[in-house]
Amino acid sequence: SVAAIEKQADRMMQDPRAKTAVARFHHQWLMLDKLNTIAKDAKLFPKWNDDVAKALGNSTNKYVEHIFWNAPTVANLLTDTHAFIEPSTSWIWGTSNTPAEMKLVDLGRGKRSGLLTQAGLMAAFAKPADDSSVFRGLFVMRQLLCSDVPEPPPGLNTTIPDPNPGSAPKTMRQRQEESHAAPTCAGCHASIDGIGFGFGHYDAVGAWRDSDNGLPVDASGKLVNTRDVDGEFNGAVELGERLSQSVQVQQCIATHWFRWSFGRTETEADSCSLLPIVNRFVASKGDLRDLVKAIATSDAFRYRQRS
């Protein structure tokens with residue numbers, strides 16, 4: 001019976017091997033392998049090294065695992081104020097409350113909010129010397145909104161031109177806005193940059209900044225072409241709060257779990273199994289552990305399709 005399967009699912013989640021399985025899902029869904037190969041400009045970030053990159057990777061991994069096993073809701077994942085910090089990364093987090101070893105620290109509400117402002121994730125989805133509204137915007141669109149974003153046209157130069165010698169200083173946002181205004185770019189970048197510009201307060205290593213190239217950071221953004229959270233926002237903290245209430249985000253996370261559980265992309269024939277999973281997840285207000293049970297009791301999981 002379904003009740004018996006749920007009971008077994010609860011039992012299995014108490015097994016240490018469940019933590020390994022959940023960690024594998026997060027590693028794939030959040031593209032955490034990028035944290036293993038983060039290179040930064042040594043002149044701009046002299047404190048950056050492989051050990052710092054590894055520590056930020058561990059911090060991000062531990063954060064998502066902490067949420068799943070201790071406060072397992074989408075809202076907590078996107079708005080929680082904690083982070084795992086150790087001495088080698090405290091300069092990035094901007095805190096004087098530095099533990100002797102990696103420890104969960106409450107940073108308070110203001111500059112950080114959940115998964116999207118984890119320093120490791122911000123560093124991974126950035127360039128060696130600059131932040132990247134494109135990398136960060138695409139991450140949110142694909143991994144949290146399941147939006148279909150086409151690749152740039154073949155042969156299109158996506159490099160942001162360097163400023164002209166002697167020209168007035170500009171922020172990276174201003175340079176990107178000028179470059180992306182071209183007709184071949186504007187359509188997609190309205191959605192990508194509308195999200196990505198909201199991360200402007202986080203530099204290439206994920207540290208908070210109030211200015212870029214000597215000018216104030218403009219972290220205003222706009223969600224467009226979503227199903228339930230379109231509108232303007234200011235900064236990644238507000239973005240995380242808005243996304244935490246989105247049914248589209250819950251549907252997307254459920255879909256990523258479905259894909260990982262079955263090792264494939266869903267097909268039209270899966271709709272009868274996927275829809276009840278999504279509906280149960282939404283009804284549970286984004287309970288991540290209940291989502292696992294919903295998958296375990298689904299028809300797709302319980303019954304094998306005839307070939």
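Below or above, wherever it landed, is the structure these notes cover. If you're wondering where the values come from, they're calculated on a predicted model, not measured in any experiment. (Residues numbered from 1 in each chain as written. Predicted model: local features only at pLDDT ≥ 70, side-chain atom pairs only at ≥ 80, totals over all residues. Heavy atoms only, no water.)

Examining the packing of helix H11 (residues 247–262) against helix H13 (residues 288–296)
So the rule is basically this: The axes used here are C-alpha line fits, helices contributing only the stretch in contact, and every angle between their N-to-C directions lies in the interval 0 to 180 degrees. Strands are runs of DSSP state E lasting at least two residues, helices are runs of H or I lasting at least four, and both sets are numbered from the N terminus onward. An angle below 35 degrees is read as roughly parallel, one above 145 as roughly antiparallel, one from 65 to 115 as roughly perpendicular, and any other as oblique. In this scheme, a crossing is called left-handed if the near helix is turned counterclockwise away from the far one by less than a right angle; it is called right-handed if the turn is clockwise. The contact criterion used throughout is that any non-hydrogen atoms of two residues lie within 4.5 Å.
Orientation of H11 relative to H13, taken along the N-to-C sense of each, is 50°, at an axis distance of 11 Å. Relative to H13, H11 is oriented oblique. With respect to the hand of their crossing, H11 and H13 are arranged in right-handed fashion. Residues Ile-253, Ala-254, Trp-257, Phe-258, Ser-261 and Phe-262 of H11 pack against Leu-288, Leu-291, Val-292 and Ile-295 of H13.

A short note on the packing of aromatic side chains
The line we're drawing: The pairing test for Phe, Tyr and Trp rings, Trp by its six-membered ring, is centres within 6.5 Å, and the orientation test on the planes gives stacked under 30 degrees, edge-to-face over 60, and tilted for anything in between. A simple rule labels every residue: compare its accessible area, found with a 1.4 Å probe on the protein chains alone, to the largest value its type can have, and call it buried under 20%, exposed over 50%, or partly exposed in between.
Within the structure shown, the criterion is met by nine aromatic pairs. An angle of 75° between the planes, with centres 4.9 Å apart, marks the rings of Phe-68 and Trp-69 as edge-to-face. The same class applies to Phe-68 and to Trp-69, which are both buried. Summarising the aromatic geometry, the rings of Phe-125 and Phe-139 are spaced 4.8 Å apart at their centres and angled 45° between planes, so their arrangement reads as tilted. Residue Phe-125 is found in the loop between helix H6 (119–124) and helix H7 (133–143), and its partner Phe-139 is found in helix H7; the two are separated by 14 residues along the sequence.

Focus: the environment of Ala-283
Tracing the sequence through the fold places Ala-283 in helix H12 (residues 271–283). The exposed category is assigned to Ala-283, whose relative accessible area is 63%.

Side note on the pattern of salt bridges
Just so we agree on the cut-off: Each salt bridge in this description consists of a side-chain nitrogen of Lys or Arg and a carboxyl oxygen of Asp or Glu lying within 4 Å of one another.
With the rule as written, the count across this model stands at ten salt bridges. Notably, a salt bridge pairs Asp-218 with Arg-173, separated by 3.6 Å at the nearest N-O pair. Of the two residues, Asp-218 is situated in the loop between strand E4 (215–216) and strand E5 (220–223) and Arg-173 in helix H8 (residues 172–180); the sequence distance between them amounts to 45 residues. Residue Arg-264 pairs with Asp-270 through a salt bridge whose shortest N-O separation is 2.5 Å. Residue classification places Arg-264 among the partly exposed positions, given a relative accessible area of 34%. Ionic contacts of the salt-bridge type, sharing partners, join the residues Asp-131, Arg-209 and Asp-212 into one network.

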